[in-house]
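Residues per chain, in single letters:
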Amino acid sequence: MARESEFLSLSDAALRAVIGPQSRHLALIEDAFKVLVETPGGGVSINGSTRDRAQARRVIEALANRAEAGAEITEADVRTALGAAVTQPRPEPAGRSTGRSVPEGAALPVGRRGAIAPKTASQARYLEMLGRCDLTFGVGPAGTGKTFLAAAYGASLLKRGQVDRLVITRPAVEAGEKLGFLPGDLNEKVDPYLAPIWESLNDILGVDDVRRRREKGEIEAAPIAFMRGRTLSHAFIIVDEAQNTSRMQMKMVLTRLGEGARMVVTGDPSQVDLLNPRDSGLAHALRILKDVQGVGVQQFKSEDVVRHAMVERIVRAYDADAARSRPFPDLEEDAG
């Protein structure tokens, strides 16, 4: 097959992001598509077959668009773009910050590491659901961005005044919520269990803004047991680690929705820590609510993992093992 070269002009910022530390990003692109990428100045020269050049170009353009939008480009971003180039054979429209469209009304804030935007097709569909549905389920393995994007979306609504509060809840202790023995007030008891969400919000809004909004009651965190009897109006509610809710807890928290409120439920049905995994409220809710009007379900898979490449390989290995053993086939059927 004939190998030819083409030149792609890039800004200095985009070129630095595409090259990466010690040319690591370029090496990943070259290895993935069997191309030679050189940097003669003002851009990159791609040498390879027509198909390989086209795929490499899509990756480089996606990374360049993100860099020009102010996002920090990591190795995880490169691997995500590589996967998208293989599964998306047609070029995506230019001019987007990530090469993927962000749904109208879902403008996300700029975090400490740059612009926040979907990195995969699944993430883009997830954001679209968050804007369209009153109740959205984001389900799948760790590292797919389901909780981070929910926090970013909720923060964007809060900053624009479209909701009065951001309410975050989750089972505080696996299979129990026994918080009484922990020292401190409610926030001090609950915060360790919500560390991933606080890290996300601190990255999105900044530590000082998060602290100020918590003091004003605009951001609230509580274990699911404390949701009973409440009606949450004009709020964006995040129910995290929902696979560890019981069926009764799930029904209770879902029925807290009040006027002008929206809710997102995130979790991984394969990581149930309850003593009786069949009692997981997440799997049950997915089965009975997936066709209800106003409900959206986004299923993430191992290929959507946007953390370290090792995380995706770990998830795939566990998925393969689960497929072989399947100790609770009815639970997996519910989750589907």
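Residues numbered from 1 in each chain as written. Predicted model: local features only at pLDDT ≥ 70, side-chain atom pairs only at ≥ 80, totals over all residues. Heavy atoms only, no water.

1. Quick word on the packing of helix H6 (residues 146-159) against helix H8 (residues 195-205)
Next, step 1: Where H6 contacts H8, the axes come no closer than 9 Å and their chain directions differ by 50°. Comparing the axis directions of H6 and H8 gives the class oblique. The hand of the H6/H8 crossing is right-handed. Along its contact with H6, which presents Thr147, Phe148, Ala151, Ala152, Ala155 and Lys159, the element H8 presents Ile197, Ser200, Leu201, Asp203, Ile204 and Leu205.
Next, step 2: Here the residues of the contact of H6 with H8 sort into 8 nonpolar, 2 polar and 2 charged. (Axes fitted to C-alpha atoms, helices over the stretch in contact; angles between N-to-C directions. Helix = DSSP H or I, 4+ residues; strand = E, 2+ residues; numbered from the N terminus. Parallel < 35°, antiparallel > 145°, perpendicular 65-115°, else oblique. Left-handed = near helix turned anticlockwise from the far one by under 90°. Contact = heavy atoms within 4.5 Å. Nonpolar A, V, L, I, M, F, W, Y, C, P; charged D, E, K, R; others polar.)

2. What to know about the packing of aromatic side chains
Next, step 1: Applying the stated criterion across every chain, the model contains 2 aromatic pairs.
Next, step 2: Between the aromatic rings of Tyr126 and Phe300, the centroid separation amounts to 5.2 Å while the plane-to-plane angle is 85°, which identifies the pairing as edge-to-face. You can see Tyr126 sitting in helix H5 (residues 121-132) and its partner Phe300 sitting in the loop between strand S11 (295-299) and helix H12 (309-325), a full 174 residues away along the chain.
Next, step 3: The buried category is assigned to Tyr126, whose relative accessible area is 0%.
Next, step 4: Seen from their ring centres, Tyr153 and Phe236 are 5.7 Å apart, and the 55° between their planes marks the pair as tilted. Taken as a pair, Tyr153 in helix H6 and Phe236 in strand S9 (residues 235-239) lie far apart in primary sequence, 83 residues in all. (Phe/Tyr/Trp six-rings, centres within 6.5 Å; stacked < 30°, edge-to-face > 60°. Buried < 20%, exposed > 50% of the residue type's maximum accessible area, 1.4 Å probe, protein only.)

3. Considerations on the pattern of salt bridges
Next, step 1: The final tally for this structure, using the stated rule, is 13 salt bridges.
Next, step 2: Close ionic contact of Glu6 with Arg53 constitutes a salt bridge, the shortest N to O distance being 3.1 Å. Of the two residues, Glu6 sits in strand S1 (residues 4-9) while Arg53 sits in helix H3 (residues 50-68), which places them 47 residues apart along the sequence.
Next, step 3: For Glu6, a relative accessible area of 22% puts it in the partly exposed group.
Next, step 4: For Arg53, a relative accessible area of 9% translates into the label buried.
Next, step 5: The residue Glu218 makes a salt bridge to Arg213 at a minimum N-O spacing of 2.7 Å. (Salt bridge = Lys/Arg side-chain N within 4 Å of Asp/Glu carboxyl O.)

4. Notes on the pairing of S9
Next, step 1: Of all 5 residues making up S9, 5 are buried, and the element is well covered by its neighbours.
Next, step 2: Side chains of S9 alternate between two faces, with Ala235, Ile237 and Val239 and Phe236 and Ile238 buried alike.
Next, step 3: Pairing between strand S7 (residues 165-170) and S9: 5 bridges, direction parallel. Looking at the pairing, Val167 lines up with Ile237 of S9.
Next, step 4: Here 4 bridges tie S9 to strand S10 (residues 262-267), and the two strands are oriented parallel to one another. Counterpart to Ile238 in the pairing with S10 is Val264.
Next, step 5: In this view, the connection linking S9 to its parallel neighbour S10 by way of helix H10 (residues 247-254) has right-handed handedness. (Pairing = 2+ DSSP bridges. Right-handed = clockwise from strand over helix to strand, strands pointing away.)

5. Quick look at the environment of Ile314
Next, step 1: You can see Ile314 is positioned in helix H12.
Next, step 2: Among the residues examined, Ile314 registers a relative accessible area of 40% and is labelled partly exposed.
Next, step 3: Separated by 12 residues in the primary sequence, Ile314 and Ser302 place their C-alpha atoms 9.0 Å from one another.

6. Quick word on the confidence of the model for the protein chain
Next, step 1: Within the protein chain, residue pLDDT values average 81, and 79% of them lie at 70 or more.
Next, step 2: Put simply, helix H13 (residues 329-335) is where the protein chain has its lowest mean pLDDT, 49, and strand S6 (residues 135-139) is where it has its highest, 97.
Next, step 3: This model gives residues 89-105 a pLDDT under 50, and the stretch forms 31 contacts once residues within four places in sequence are excluded. (pLDDT = per-residue confidence, 0-100.)

7. So, the nonpolar core
A general feature of soluble globular proteins is that nonpolar side chains tend to end up buried together.
Next, step 1: Leu166, Ile168, Trp198, Leu201, Ile219, Phe236 and Ile238 are the most contacted members of the largest nonpolar core, which has 28 residues in total.
Next, step 2: It is H6 that contributes the most residues to this core, 8 residues altogether.
Next, step 3: In terms of nonpolar packing, the next biggest core, distinct from the first, is built from 25 residues, Leu8, Val35, Ala64 and Ala85 among them. (Core = buried A, V, L, I, M, F, W, Y, C linked by side-chain atoms within 4.5 Å.)

8. Quick notes on the sheet that holds S10
Next, step 1: Read from one edge to the other, the open sheet built from 6 strands follows the order S8-S7-S9-S10-S6-S11, with strand pairing classed as parallel. Sheet topology places strand S8 (219-223) and S11 at the edges, where each strand pairs with a single neighbour. Within the sheet, the average angular offset between the axes of one strand and its neighbour, ignoring direction, is 15°.
Next, step 2: Note that S7 and S8 share 5 bridges and pair parallel. Along S8, the bridge assignment pairs Leu166 with Ile219.
Next, step 3: Strands S6, S9, S10 and S11 of the sheet are contacted by H5, whose axis makes an angle of about 165° with S11.

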